[in-house]
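Residue strings, one per chain:
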2 protein chains.
Amino acid sequence: MPGPPSSLSTSLRTHTCGELREGHVGETVSLCGWVANYRDHGGVVFIDLRDRFGLTQLVFDPDAGEKLSGDGLNAATHELARGLRGEDVVRVTGAVHARGEGLRNPKLATGGIEVRASALTVLNKSATPPFEPGAEQLPGEELRLKHRYLDLRRPKLQRTMELRHRLSKITRDYFDGLGFLEVETPILGRSTPEGARDYLVPSRVHPGEFYALPQSPQLYKQILMVGGTDRYFQIARCFRDEDLRSDRQPEFSQVDVEMSFVEREDVLTTIDGLIAAYAKELRGKEISLPLPRLTHAEALDRFGSDKPDTRFGLELKDISDVAAECEFGVFNKTVAGGGKVRGLCAPDAAAKYSRKDLDGLTAFVGEWGAKGLAWFRVVEEEGAMKLQAPTAKFFTAEQQSAIIERLSAKPGDLALFVADKPSVVNAALANLRNRLGRELALYDPSELAALWVLEFPLVGRNEEENRWEAEHHPFCAVHPEDVEKLKSDPAAVRAESYDLVCNGYEAASGSVRIHDPAVQQTVFDLIGMDSEEAGRRFGFLLDALKYGAPPHAGIALGLDRWVMILAQLENIRDVIAFPKTQKAADLMTGAPGDVDGKQLEELHIRTVAPPK
Amino acid sequence: MPGPPSSLSTSLRTHTCGELREGHVGETVSLCGWVANYRDHGGVVFIDLRDRFGLTQLVFDPDAGEKLSGDGLNAATHELARGLRGEDVVRVTGAVHARGEGLRNPKLATGGIEVRASALTVLNKSATPPFEPGAEQLPGEELRLKHRYLDLRRPKLQRTMELRHRLSKITRDYFDGLGFLEVETPILGRSTPEGARDYLVPSRVHPGEFYALPQSPQLYKQILMVGGTDRYFQIARCFRDEDLRSDRQPEFSQVDVEMSFVEREDVLTTIDGLIAAYAKELRGKEISLPLPRLTHAEALDRFGSDKPDTRFGLELKDISDVAAECEFGVFNKTVAGGGKVRGLCAPDAAAKYSRKDLDGLTAFVGEWGAKGLAWFRVVEEEGAMKLQAPTAKFFTAEQQSAIIERLSAKPGDLALFVADKPSVVNAALANLRNRLGRELALYDPSELAALWVLEFPLVGRNEEENRWEAEHHPFCAVHPEDVEKLKSDPAAVRAESYDLVCNGYEAASGSVRIHDPAVQQTVFDLIGMDSEEAGRRFGFLLDALKYGAPPHAGIALGLDRWVMILAQLENIRDVIAFPKTQKAADLMTGAPGDVDGKQLEELHIRTVAPPK
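Labelled according to an unreviewed UniProt entry, chain A appears under the name Aspartate--tRNA(Asp/Asn) ligase, originating from Alienimonas californiensis. Database annotation for chain A, UniProt heading Catalytic activity (unreviewed entry): "tRNA(Asx) + L-aspartate + ATP = L-aspartyl-tRNA(Asx) + AMP + diphosphate". Under the UniProt heading Sequence similarities (unreviewed entry), the note attached to chain A is "Belongs to the class-II aminoacyl-tRNA synthetase family. Type 1 subfamily."

(A) The overall build of chain A, seen in detail. Scanning chain A from N- to C-terminus turns up 18 helices and 23 strands. Its C-alpha atoms put chain A at 95 × 80 × 55 Å along the principal axes. Across the 612 residues that make up chain A, the buried fraction comes to 58%. Partitioning the contacts of chain A with sequence separation of at least 6, the portion at a separation of at least 24 is 68%. Distance between charge centres in chain A, computed from 75 positive and 92 negative side chains, equals 4 Å.

(B) Structural view of the sheet that holds strand β16 (residues 414-420) of chain B. Residues and elements named next belong to chain B. Strand order in the open sheet made by the five strands is β12-β13-β16-β14-β15, with antiparallel pairing throughout. Edge positions in the open sheet fall to β12 (317-318) and β15 (384-388), since each of these has one partner strand only. One ladder, built from two bridges, connects β12 with strand β13 (residues 340-346); its direction is antiparallel. Each residue of the ladder has a partner; that of Lys-317, found in β13, is Gly-343. With respect to the sheet, helix α10 (residues 329-336) is in contact with β13, β14 (374-381) and β16, its orientation differing from that of β16 by roughly 45°. Each of β12, β13, β14, β15 and β16 touches helix α12 (residues 397-407); the most contacted strand, β15, lies at about 95° to it.

(C) The arrangement of the environment of A:Phe524 in detail. Residues and elements named next belong to chain A. Within the element layout of this structure, Phe-524 appears in helix α15 (residues 517-526). Residues Phe-524 and Glu-469, 55 residues apart in the sequence, show an inter-C-alpha distance of 9.4 Å. In this structure, Phe-524 is in contact with Pro-474, Phe-475, Met-529, Ala-534, Phe-538 and Leu-542, ignoring residues within four places of it in sequence.

(D) Quick peek at the interface of chain A and chain B. Contact with chain A, which involves 132 residues of that partner, is made by 132 residues of chain B. Across the interface of chain A and chain B, roughly 11300 Å² is buried in total on both sides, 59% from carbon and sulfur atoms. Interface area lost by chain A to chain B is led by A:Glu184, A:Phe261 and A:Tyr547, which between them contribute 7%. For the pair chain A and chain B, the interface holds 16 salt bridges. Here chain A is connected to chain B by 75 residue pairs in polar contact (both at pLDDT 80 or more). Here the side of chain A that touches chain B gets 10 residues from one element, more than from any other, and that element is helix α5 (residues 155-177) of chain A. Partitioning the side of chain A that touches chain B into residue classes produces 63 nonpolar, 33 polar and 36 charged.

(E) Quick peek at the UniProt feature "site: Important for tRNA non-discrimination" (unreviewed entry) in chain A. Residue and element names in this part refer to chain A. Under the feature "site: Important for tRNA non-discrimination" (unreviewed entry), the UniProt entry names His-41 and Gly-102. For His-41, the position within the fold is in strand β1 (residues 28-41). Counting through the fold element by element, Gly-102 comes out in the loop between β4 (89-98) and β5 (113-124). We classify Gly-102 as exposed; its relative accessible area is 74%.

Criteria and cut-off values
- Residues numbered from 1 in each chain as written.
- Chains lettered and ligands numbered in written order.
- Predicted model: local features only at pLDDT ≥ 70, side-chain atom pairs only at ≥ 80, totals over all residues.
- Heavy atoms only, no water.
- UniProt positions renumbered as here; feature names shortened; annotations may be inferred.
- Helix = DSSP H or I, 4+ residues; strand = E, 2+ residues; numbered from the N terminus.
- Buried < 20%, exposed > 50% of the residue type's maximum accessible area, 1.4 Å probe, protein only.
- Contact = heavy atoms within 4.5 Å.
- Lys, Arg positive; Asp, Glu negative; His and termini not counted.
- Charge placed at Lys NZ, Arg CZ, Asp CG, Glu CD.
- Pairing = 2+ DSSP bridges.
- Axes fitted to C-alpha atoms, helices over the stretch in contact; angles between N-to-C directions.
- Buried area = accessible area lost by both parts, 1.4 Å probe.
- Salt bridge = Lys/Arg side-chain N within 4 Å of Asp/Glu carboxyl O.
- Polar contact = N/O pair within 3.5 Å; in protein donor to acceptor, adjacent residues only side chain to side chain.
- Nonpolar A, V, L, I, M, F, W, Y, C, P; charged D, E, K, R; others polar.

Now the structure itself:
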C-alpha cells in the first residue's frame, strides 16, 4: 500500500533514504542508494543505505518469509545481500517496520524505522574505494581531490553544497523581489589588467589576439547602468591568475550588484537586508539592522585593521603620550621618532601565558614587522593595581596607573604593546588581537558579526614605482568633501567606498562610481594614466560615460567566502564542488594538461620552454 | 504628500517612470531618467522621461508658478529645461496631475497623468548620441553593437533582458522545488576535444600546459551523480570555438540537468513540467502534458527532419511504389536504384506559385543536394481529380489517383516530389516544408509546438575517416533492445536519447547515461577509441564509474534559444546583453585584442603569424 509519491520519487524509488518515519510503517517502499555500512548478526544482514537525503537501515532476514507475511525474502536475495560491500549501489524493496523498544536511533531522522527487504537489485558493484566517504578519519586532501566523486558523497560536503545552493537561491529571490535583473556578462572579454594577472585565451579567428577571462564584471555592470538596466545583479564567475592562498581559487564566484539613481545609503540598506536574510534563513539568527558602520580611520584606530573581527572586543589603545614620558627607551624613542605605542589588554590572560608563550607572541608579531612586544601582567598589591614585568621599572607609579586606566585593565589581565610606525603597529596588533581572541575563546565561533567599513582612501602610494595607485579600482567616486584635495593632498582623499566585513573577513566590497567622464579622467591622471592609455584600456567606458550615464553605485560579495562563513569552514576548497589546488591544478581531471600541436597551430601560438 | 515608498524608490527618486497612475494625482514625486523626447509648445516644455520601467510625461510650464500653488517653476529651472536634449540624464521633482480630456495617452501605462515640474537637476549631459534608442528606424547592427550601452536602452531589448531574467528565475524556482541542487562546475577544465574545438587557456604555473573552457559540463555532471548529488542543475556557460551562424555564439548558456536513480520517463516528465511553466508564465499559454513524442524514425518519416516544426502539418508522403511503376524516368530509375520518391501537398498553393516561383523552389531544394523537384497542380476535370504538369503525361490515370489519394490532395493543391537517396530526400523536403509553411502562413508564429524526438541512432558512419562516431556523445546508454546489435549492426542501434524540439528548433538534448564501466568501454571500442586513448581522455570518468555509479540520465536546454523562441526573435545576438559578432569579436570592448609581450612571456607562449 504505497503512500502518495514524494516529489523526490522516481521510476526506481518511492522514497529517499532520509524520508521514512513511523507514519510510513506498513507501507511497501523502494529505496536506492549506496551501501554505507554492513553488519551480519547471526545470518541477519543489516545495511545502512545512504543517499544525499539520509540513511535508512535495511534488514535482510532469511527467516522473514516465515515470520512475516508479505515480507518474504528468498534465499537467493539473502545470498545477494551477504555479498554486498561498501559503496555498492542497490535498489531495495521491502516493508517499513517500526524498530523495537531500545533499538531506535534518535540521532538518525529515520531512526524509528527499518525496511525489511523482500527484493534487492544490485545496480552497480563498486570496486574497493581508496577511502570510505563515511569514515571518521579523513584521508589527506590530495587523495580526496583526486577521487572527488567519493569525497562528494561525504554528508558534510553534501550539506555544504546544499547550503551553497540555498545561499544562491536566497540571493536570487531577494534581488528579484527588488526589481533587479540578473544579466549574464561575457566570460570571453578584453584584457584590461589592473591589479591581478589575467587568464588569456588565444583567438583562432584573429591571429595574435587574445580574450581575457574577467577579474570581475566591473566594466560590464557599469555599462549596463549606462544602458538603463537600472538594477543589475549576477552570480558571476571571476578569474585571477594569482598565487593562491588557502582562501583563494583561480576561479571564484561573486554576487555582483549595481544600482542606478542611488547614493551610498541605498546600496548599504539593500545589502543589509540580504545579510539579514542569509543569517535568518541559513543560520536561524535574527540580525538587527542597520548593520554597524565604522569609517576606515575608526576601524584602524580601534582594531588596527580594515577588516576587524567584531565578535569580540580587545580593542587597541594608544599610550603614546605616556610612552613619550617614560624611561623605557624603546617606547620613548619610538614616539620621539614619530612612531606610536599602542596595545591591548587580554582579560584574565596573565596566568595563561608563560614566559615561553610570551616569547612565542613576540615572534608572532615579528611576522608583521614588529621589532618587539612589551608585556605586563596587571596585579593588585596593597589595594592598588600595578604592572608587573622586567620592564615595569621604567614606568613610574603614575604612568602605570595611567596605562591601566587607559586599558580599563583589572588584576589578572595581560597588557601587550607594540612600538613602531603606525602601519607596523596596526598590522602586528590586529593579528595579535585575532590570535588572542581565538586562543582565549573570547567569542562564540557560530556568531555572525557583520559591519560596514566606510570611506577607504581613494589612492595609496606605490613607493616602488613612485606613483599613486587606486586602492580599490579607478572607478570609485571621490568623497564629496575631499574633491578639493585631489591635487593638493591625494593621500587624504576618501573614496565613496565601503567594505562589508564579517567575522574578520572582507565579505563584500563596493563603491559609488564616477559617472562624469571629466572626473574619471582626473582620477586616471592622478594614478598616472594619461588620456591615451586610458583611451586604449577603458575607452569604451569613457565613451559610455559621455552618452548619459546615470549616477550609480554597486558592490560585489564573495560568494565562496560567505559559504565559508556560514558553514563555519576555513578552507575554500571545502565549499566548491570541483576546486583546484594551490598550484591551480584539478587533481581529478588532470587540468591543466597537454594539448595537441594541431590545436596550438590553429590558435597561432606555440609554447616556449621556461628558462631553467 | 508622498505615498508609501515603492520597492524601486531610492535616495534620488520616489517612483520609476512606469509607475504613476491617476491614483497618484496630487502627490509630489521625484523621477529620474533619460530625456526621450523634447517638445516646446509655445514656451511650455514637454519631455518624455524614460527609464527601464516606462515613460512619463513631464511638463515645464513657465506660468505654472502663478497658476498652480505649490508647483512653482522658476525661470532658471525653465531655462534649464529648455536646454535639455535627447539622452540627457535628469532628476525632476513635481506634482502629479491628471491629463485633461482628450490628452490621455491610452498606449502608455502612465498616459493618464503628467508630472508638472517644479525642480530639475541635470545629473549628466549626453553628447549627441550616434543613434537614438527610441528611433523607429534602427541603424545597422554593427553600430548598435559598438555602442551597446545605447542599444540596451531600447525598450524592446530591455523587455528581452527581463524575459531572460524571468526565464532563469522560473527555471531555478522549478528545479529548486524538486530537490535539485544548483552546483557550479569549473570553467577552467581539461581539454577533451569531442566534436567542436576547445577554447584553450595557457597555464602560467604549469608551463606548456593548457586549461580548456567547457563545451558543456557533461563529465562534471556525471561525476556529481557518482558523487551522490542525486539531482543537479546549473545554468552553465559553455564555449565552442566554431565558425558562427546566426543562432550560435562562442559562449552560450545552457540549463544543464542530471538525475540519479531514474529512467528516461523521469527526465521527460520533469522537463515537460518546466516547458509548461515557461509557456504559462512567460506567454500565458496552457500547454497540455505530456508533450507529444515521436521516435527519430517517425520524425524522419513524417517530416524528413529530427527537429520538425509541428505548428503545421504538411507531412511527407512516400510514393515510391507508384513511382516505380510510372513512365517518368527520374522516378522509376531512382526507385530501381534503391532511392525513394517522397513529397508533400501544399494546400491551395497551386495558383500561388508561378512557373518562375517553382523554378525558385527547385533551386532551393538543390541547396540540399536534390537534383530536381517534380511538381503537379491538382485539378478537377469532369468530376475527377488529376495531376496537371508537363510531366503528368508519364502517369496513368490510376497512378495519378493513387498519388492524389496518398496525399489526401484536393483541387487547387500543389504536389511536390523529390526523388533521390533517402538522406537527400529528407533534407530537401524538410527545408522545403519549412519554407512553404512560412510562405503560405500555415501557422500562427506565436504558437509554441514542443515535442520529444526519441531514440536517435547511437552512432553514425564517418565515411571520410571510415569509422563509427557517436551521434550525441559517447556516454549515451544503449537502447536495451539493441544491445545485441552493438557488434553485428551498429547502424541499427538506438541510443536511449531524446531531443526536445520546439517550433523547429532543437531546444534540448539528452540521454540516459552509461553507468557500467564495461559498457562504456564497449562503446569507446565501437567508436574506435582504444582503452589507452579512453583512459587518457576520460580516465577520471571511467574511474568514477568503477566506484559505485548510480543509474542516471540528464538533459541540457539551450537557454539562449529558449529566450529566442519565447521572445519570437530570430537573431541570437538580440537575446544576449553583450554578444559577439559572427567573427567572435566584441565590437564595444574590442575583444579579442593585443596583450603585452610580458603577459605572454609569463604564460610561456609566443604568437606565430599565420601563413599568408
